[in-house]
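Structure at a glance
Okay, here's what each chain looks like letter by letter:
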Amino acid sequence: MRFVLRVLKALALLVVLIVVAGAAWLFVRPPELLRVGGGYAAKIVCSNVFIAGREADDVLHDDVQAPGNPLLRLMSVSVDRENSRVTARFMGLFAPSYAFYRSGLGCTSVPDGDFEAAANAVPFDATVKAETNDALWPQGEGVGDPDEKIAALLGDAGLSGPAMRAIVVVRDGRIVAEAYGAGFSAKTPLIGWSMTKTVNAAILGRLMLDGKISFDDDHLVAQWKDDARANIKVSDLLGMESGLAFNENYGEVADVTRMLYLDPDMVSLPANAPIEAPPGQRFRYSSGTAVLLSRIWMDRVGNPPAAFSYPHDALFSPLGMTSAVFELDARGTFVGSSYLYATAHDWARFGQFLLQDGVWNGQRLLPEGFVGAMRTPTAASNGRYTQGQAWLTPGGSNAAFGLPEDTFWLTGHDGQSMAIVPSANLIVVRLGLTPGWLGYQPQTLLKAVLAALPQARAPQQQAESHWQAQPQP
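In this report, the structure presented in the accompanying data block is examined. No experiment lies behind these values; they were computed from the predicted model shown.

**Here we look at the overall build of the protein**
Within the protein, the secondary structure is distributed over 15 helices and 14 strands. Burial status across the protein gives 55% buried among its 473 residues. By sequence separation, contacts in the protein at least 24 residues apart represent 64% of the contacts at least 6 residues apart. Carbon and sulfur atoms form 54% of the exposed surface of the protein, whose accessible area is close to 19,800 Å².

Take a look at the structure:
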């Protein structure tokens, strides 16, 4: 009996030692997967609390834990409203991750915990948002009587999809129907995820109009000057065919998650990535490419204060996108791959801007041919992706779904989409929290909306030349 007790005590001691050793390991060297999860939790909670005005517990449960990796269910968060900071910890103890908020600039992930460096990266006041008004959209936020047939479609859960948060349908320049999920409204800023890439491309296009950058520019990054990467052009980056290595697999700690949640300087990883194919010959979807484009256009703007205000001054303010918040990394680069928050009305304004070929209130804001590049497929992507950070055929060809041939798309993680159909003068914005494994396809909603339109429209003939892409001479 004494022998058995000694064995049990030894086993108990061994268990305690293992637990203590494991805890020490988690404190000193937490695995990258836990740090990624914590970084994601802190950033998402921060943005939704301080930008969208949601409750932290709701965001943690609905946005972080419900659809994600089971490890995320063991994450907890604390919100320090006095200092505008959010901290996430695994099991409430381990692998702390941080994010902090600045008015007008949104939330910034601070993976190294160096809040002073992150704050000093943008030592300027943010632009104050303009006031909204009650004029009819897009001049204001007013919406006329809805098209009852289309509005009824938006109430069909099979068409709107699981966890829909906002749908806005625009026809002939007016909102004809809209719908919102429980707890969300026309005033709620929502993340676009990779729809941000297309907005980031348009910001670069604004700079093209001023002659400060072109599709053919090369020698784009200082560390590329002495190797093959010097030949990478802006057009190669916009078409996701730079030849740079980048792993976009979200199921593991890959380049994309390391960039977004482990590196305070997000430009570092893609800027130092090796080249593995000649530019223009291979398609590789890469969030790193979009962050590189942000850094490139910011450097071309010239002075830092002007660069930080450029998205607002050059695009958001002229379009009346008063809710738009474009977020930065901890070293002061806009996260052009992922982090733009805006209301569904403002996302639709951007779609209307593209539908109008980059012209707003009679003023051309994008060069002729730029939106055409957004509608023109690249050979390297087999016709799926375009020359301007947009999609032609996400999840299957337009023809396979019975959609007009001229349809093009902005899409983003967890079910964000915007369909633009020039021939029908139509935009359908759909935002939500709908993981890909649920199998939702926004093409079904678009097809139903097209079928419900009051009358068929002939393809637009005006400004046909404006749609012709000429990204390369």
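**Brief notes about the pattern of salt bridges**
Inspection of the entire model under this criterion finds 13 salt bridges. The partner of Asp63 in a salt bridge is Arg54, with the nearest N and O atoms 3.0 Å apart. The exposure class assigned to Asp63 is buried, which follows from its relative accessible area of 4%. Between Asp217 and Arg300 there is a salt bridge, with its nearest N and O atoms 2.8 Å apart. Of this pair, Asp217 sits in the loop between helix H7 (195-209) and helix H8 (234-238) while Arg300 sits in helix H11 (residues 287-301); the two residues are 83 residues apart in sequence, bridging distant segments of the chain. According to the relative accessible area criterion, Arg300 is partly exposed, its value standing at 28%. Through salt bridges with shared partners, a single network forms among Arg54, Asp63 and Arg165.

**Re the side chain of Ser97**
Mapping Ser97 onto the fold places it in strand E3 (residues 94-102). Judged by its relative accessible area of 7%, Ser97 is buried. Polar side-chain contacts of Ser97 include one of 3.2 Å to the backbone nitrogen of Gly39. If sequence neighbours within four positions are ignored, Ser97 has contacts with Arg35, Gly38, Gly39, Ala42, Val86, Thr87 and Ala88.

**Side note on the side chain of Thr188**
Along the chain, Thr188 turns up in the loop between strand E6 (174-180) and strand E7 (190-191). Of the polar contacts made by the side chain of Thr188, one reaches the backbone nitrogen of Ser185; its length is 3.0 Å.

**Some remarks on the pairing of E6**
Judged from the six bridges that link them, strand E5 (residues 164-171) and E6 form a sheet pairing that is antiparallel. Residue Val168 lies in a different strand from E6, and its bridge partner there is Glu178.

**Quick look at a nonpolar patch on the surface**
Taken together, the side chains of Leu33, Leu71, Leu74 and Met91 make up a nonpolar region of the molecular surface, amounting to roughly 340 Å² of accessible area. Inspection of the secondary structure assignment puts Leu74 in the loop between helix H3 (56-65) and strand E1 (75-80). Judged by its relative accessible area of 42%, Leu74 is partly exposed.

Reading guide: rules and limits
- Residues numbered from 1 in each chain as written.
- Predicted model: local features only at pLDDT ≥ 70, side-chain atom pairs only at ≥ 80, totals over all residues.
- Heavy atoms only, no water.
- Helix = DSSP H or I, 4+ residues; strand = E, 2+ residues; numbered from the N terminus.
- Buried < 20%, exposed > 50% of the residue type's maximum accessible area, 1.4 Å probe, protein only.
- Contact = heavy atoms within 4.5 Å.
- Areas by Shrake-Rupley, 256 points an atom, 1.4 Å probe, with all protein chains shown as cover.
- Salt bridge = Lys/Arg side-chain N within 4 Å of Asp/Glu carboxyl O.
- Polar contact = N/O pair within 3.5 Å; in protein donor to acceptor, adjacent residues only side chain to side chain.
- Pairing = 2+ DSSP bridges.
- Patch = residues over 30% accessible without salt bridge, like charges linked within 9 Å, V, L, I, M, F, W, Y side chains within 5 Å.

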